[in-house]
Amino acid sequence: MTPHVASMLQTHPKDLGTIDQQKLAEGIEACFECAQTSTACADACLAEDMVEELTQCIRLNQDCADVCAVTGRVLSRQTGNNVALNRALLEACQAACRSCAEECAKHADMHEHCTICADARRRCEQACAELLASIG
């Protein structure tokens with residue numbers, strides 16, 4: 001975990017309430033890591049000779065990257081409170097990560113980048129689940 005996300009949460013001028021700041025920081029970081037990994041995996045898939053067979057993987061990578069990036073950005077905003085939106089985004093992020101990890105796993109035996117990407121998705125999905133559980 002990088003210290004910057006946690007430090008920004010700890011130094012926020014408003015009281016963040018009862019949210020588990022460690023789980024929040026881990027969720028934010030996992031989302032941004034997954035967004036970057038998804039973008040890189042989509043690009044790597046585009047560079048493969050068998051790119052036509054990776055169309056669904058590329059699409060899911062791009063979708064996952066967008067959902068994770070938005071989730072990380074919204075979770076970073078702690079002024080005010082929008083628990084319903086945070087829950088919906090965390091659930092959407094979990095779903096995007098799950099479907100993309102399943103697709104990448106299909107190609108993992110041929111493409112190491114898909115193995116790395118599937119692992120990042122599972123970490124993000126788990127971090128989202130833990131954050132969801134902590135906000136009730």
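Our subject is the structure that appears above.
If you check helix α5 (residues 112-135), its first and last C-alpha atoms are 35 Å apart, about what 24 residues at 1.5 Å a residue would give, namely 34 Å. Residues of α5 that are buried include every one of H113, C114, C117, A118, A120, R121, C124, E125, A127, C128, L131 and L132, and no others. Buried-residue contacts for α5 involve α2 (21-47), α3 (55-76) and α4 (83-107).

Let's shift gears to the packing of α2 against α3. At a minimum axis separation of 8 Å, α2 and α3 run at an interaxial angle of 155 degrees. Judged on the interaxial angle alone, α3 and α2 are roughly antiparallel. By crossing handedness, the relation of α2 to α3 is classed as left-handed. Looking at the contact of α2 with α3 residue by residue, the class counts come to 17 nonpolar, seven polar and one charged.

Another point: the nonpolar core. One finds C68, C104 and C124 to be the most contacted residues of the largest nonpolar core, which totals 37 residues. Every element with two or more residues in this core is listed here: α1 (3-10), α2, α3, α4 and α5. Among the elements that line this core, the one with the most residues is α2, at 10 residues.

This next bit is on the pattern of salt bridges. According to the stated counting rule, one finds five salt bridges in the structure shown. Two residues, E125 and R98, come together in a salt bridge whose shortest N-O distance is 2.8 Å. Taken together, the residues E125 in helix α5 and R98 in helix α4 connect sequence positions 27 residues apart. Residue classification places E125 among the buried residues on the basis of a relative accessible area of 18%.

Calculation notes
Residues numbered from 1 in each chain as written. Predicted model: local features only at pLDDT ≥ 70, side-chain atom pairs only at ≥ 80, totals over all residues. Heavy atoms only, no water. Helix = DSSP H or I, 4+ residues; strand = E, 2+ residues; numbered from the N terminus. Expected span 1.5 Å × (residues − 1). Buried < 20%, exposed > 50% of the residue type's maximum accessible area, 1.4 Å probe, protein only. Contact = heavy atoms within 4.5 Å. Axes fitted to C-alpha atoms, helices over the stretch in contact; angles between N-to-C directions. Parallel < 35°, antiparallel > 145°, perpendicular 65-115°, else oblique. Left-handed = near helix turned anticlockwise from the far one by under 90°. Nonpolar A, V, L, I, M, F, W, Y, C, P; charged D, E, K, R; others polar. Core = buried A, V, L, I, M, F, W, Y, C linked by side-chain atoms within 4.5 Å. Salt bridge = Lys/Arg side-chain N within 4 Å of Asp/Glu carboxyl O.

Worth remembering: the numbers are spatial, not functional.
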